[in-house]
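Listed below, chain by chain, are the residues.
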Amino acid sequence: MAFQSEVYKELLKEWSAVKVTLVAVSKTKPIEDLMEAYREGVRDFGENYVQELTDKQVKLPKDIRWHFIGHLQSNKVKYIAPFVHLIHGIDSKKLLVEINKEGKKNNRIINCLLQVHIAEEESKFGFDEDELMDLIYDIANPTSTLENIRICGLMGMASFTDNINEVSNEFKSLRLLFDKIKSIKSPNLDFTVLSMGMSNDYPTAIQAGSNMVRIGSKLFGSRG
Ligand SMILES: *Cc1c(COP(=O)(O)O)cnc(C)c1O
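About the thresholds
- Residues numbered from 1 in each chain as written.
- Predicted model: local features only at pLDDT ≥ 70, side-chain atom pairs only at ≥ 80, totals over all residues.
- Heavy atoms only, no water.
- Salt bridge = Lys/Arg side-chain N within 4 Å of Asp/Glu carboxyl O.
- Helix = DSSP H or I, 4+ residues; strand = E, 2+ residues; numbered from the N terminus.
- Buried < 20%, exposed > 50% of the residue type's maximum accessible area, 1.4 Å probe, protein only.
- Pairing = 2+ DSSP bridges.
- Right-handed = clockwise from strand over helix to strand, strands pointing away.
- Near = heavy atom within 4 Å.
- Polar contact = N/O pair within 3.5 Å; in protein donor to acceptor, adjacent residues only side chain to side chain.
- Areas by Shrake-Rupley, 256 points an atom, 1.4 Å probe, with all protein chains shown as cover.
- Nonpolar A, V, L, I, M, F, W, Y, C, P; charged D, E, K, R; others polar.
- Contact = heavy atoms within 4.5 Å.
- Patch = residues over 30% accessible without salt bridge, like charges linked within 9 Å, V, L, I, M, F, W, Y side chains within 5 Å.
- Lys, Arg positive; Asp, Glu negative; His and termini not counted.
- Charge placed at Lys NZ, Arg CZ, Asp CG, Glu CD.
- Core = buried A, V, L, I, M, F, W, Y, C linked by side-chain atoms within 4.5 Å.
- Phe/Tyr/Trp six-rings, centres within 6.5 Å; stacked < 30°, edge-to-face > 60°.

Colleague: It is not clear to me how the pattern of salt bridges should be interpreted in this structure. Could you clarify?
Modeller: Between side chains of opposite charge, a pair can form as their charged atoms come close. With the rule as written, the count across this model stands at 13 salt bridges. Note that Lys-101 and Glu-98 form a salt bridge whose closest N and O atoms lie 3.5 Å from each other. Of this pair, Lys-101 and Glu-98 are both found in helix H5 (residues 93-105), three residues apart, which corresponds to roughly one turn of the helix. For Lys-101, a relative accessible area of 44% puts it in the partly exposed group. Salt bridges here are not isolated pairs; linked through shared partners, they connect Glu-6, Lys-9 and Glu-40.

Colleague: Is there a simple way to think about the pairing of strand E6 (residues 149-156) in this case?
Modeller: Looking along a regular strand, one sees side chains alternate from face to face of the sheet. With respect to burial, E6 is a largely interior element, seven of its eight residues being buried. Bridge analysis of strand E5 (residues 110-116) against E6 gives seven bridges, and the strand direction is parallel. Residue pairing for E6: Val-116 is matched across the bridge by Gly-156. Once you follow E6 into helix H7 (residues 164-182) and on to strand E7 (residues 189-196), the crossover reads as right-handed.

Colleague: Is there a simple way to explain the site of the ligand in this structure?
Modeller: Inspection of the region around the ligand gives 13 residues, with Lys-27, Asn-48, Ser-199, Ser-217 and Arg-223 positioned closest. Between Ser-199 and the ligand, the recorded distance is 2.5 Å, taken from a side-chain N or O atom to an oxygen atom. Here the ligand has 390 Å² of accessible area as a free molecule, and 90% of this is covered by the chains. Here the residues of the shell around the ligand are counted per class, giving six nonpolar, four polar and three charged.

Colleague: It is not clear to me how helix H3 (residues 50-59) should be interpreted in this structure. Could you clarify?
Modeller: Structural remark: α-helix, 3.6 residues per turn; residues separated by three or four positions point the same way. Taken as a whole, H3 has its buried residues at Val-50, Glu-52, Leu-53, Thr-54, Lys-56 and Gln-57. Among the structural elements, helix H2 (31-39), strand E2 (44-47), strand E3 (65-68) and helix H4 (77-80) are those in contact with the buried residues of H3.

Colleague: When you look at the pairing of strand E8 (residues 212-215) in this model, what are you seeing that I'm missing?
Modeller: Of the two faces of E8, both are covered, the one formed by Met-212 and Arg-214 as well as the one formed by Val-213 and Ile-215. Two strands pair when backbone bridges link them, and strand E1 (residues 21-25) and E8 are joined in this way by four bridges, in the parallel orientation. Note on E8: the bridge partner recorded for Leu-22 is Val-213.

Colleague: Would you take a moment to explain unusual backbone geometry for this structure?
Modeller: Excluding glycine, a negative phi dihedral is what most residues carry, and trans is how most peptide bonds are arranged. Phi at Thr-28 is positive, roughly 70 degrees, even though this residue is not glycine. Looking at the element boundaries, Thr-28 is found in the loop between E1 and H2.

Colleague: Looking at this structure, how should I read a negative patch on the surface?
Modeller: Residues Asp-128, Asp-130, Glu-131 and Asp-134 make up a contiguous surface patch of negative charge. The topology assignment puts Asp-134 in helix H6 (residues 129-140). Take Asp-134: its relative accessible area is 56%, and that puts it in the exposed class.

Colleague: How should I be thinking about the nonpolar core in this particular structure?
Modeller: Across soluble globular proteins, nonpolar side chains show a tendency to be buried alongside one another. Core analysis: the biggest nonpolar cluster contains 65 residues, and Phe-45, Ile-99, Leu-114 and Leu-154 have the highest contact counts within it. Ignoring any residue separated from it by four or fewer positions in sequence, one finds Leu-114 in contact with His-88, Ile-90, Leu-96, Phe-127, Leu-132, Leu-135, Ile-136, Ile-151, Gly-153, Leu-154 and Met-155. In this structure, Val-23, Leu-86, Leu-113 and Met-212 belong to the second largest nonpolar core, which totals seven residues.

Colleague: Where do I start with the packing of aromatic side chains in this structure?
Modeller: Each aromatic ring pair is described using two quantities: the centre-to-centre distance and the angle formed by the ring planes. Summed over all chains, the structure comprises five aromatic pairs. With 5.7 Å between their ring centres and 55 degrees between their planes, Phe-3 and Tyr-8 make a pair best called tilted. Both residues of the pair, Phe-3 and Tyr-8, belong to the buried class. On the numbers, 5.3 Å between centres and 50 degrees between planes, the contact of Phe-3 with Phe-220 is tilted.

Structure representation (structure tokens):
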């Protein structure tokens, strides 16, 4: 199935009143599908695998903003550091330190989101609230040396369930954390992005205050 441009236009219309950035999640999809989306105006693409992302990046237009939304391993940061627009799934201090190092090498500041574990399910990655706040105060400390990263906000994934109340509560908990941290002032904290919501739960996420949704199968068809 190719890029669903009618769905894309409907989504943009739906959100014309609220400010939501749509990240088109194109993992596993061929270059032609991304190009079709690009021609329809999509500039934000999300990918989960480093090799796939770097392959696509060299072949596609240079004004695309590439979002890395997968689970990033420290030893692979160097491949995406020169061009990545936003890394969504930071789940350790170690990873942050590595991204900072690669940012310095590439003479740029790399935008990052911290992933928070909001789902009741055990399997998902991310910080719990205490770990998150410890890290935030660590980063915000004036002696912090992480000068080549900018923490732009939070990312979270809700439980995979039909129980809308549960999903809604999980998203709301992330929104509360986001608002709490937003008021902390520091040169490398710039809390503007709340990344939550995918094909199956984005309306609930937007209701809870998401301003960035990551949508794959609804736009590009199922990944089989
Ligand atoms: C694959 C993926 C998405 C998109 O999922 P869909 O259900 O296809 O919309 C969003 N976020 C993350 C982190 C993903 O891995």
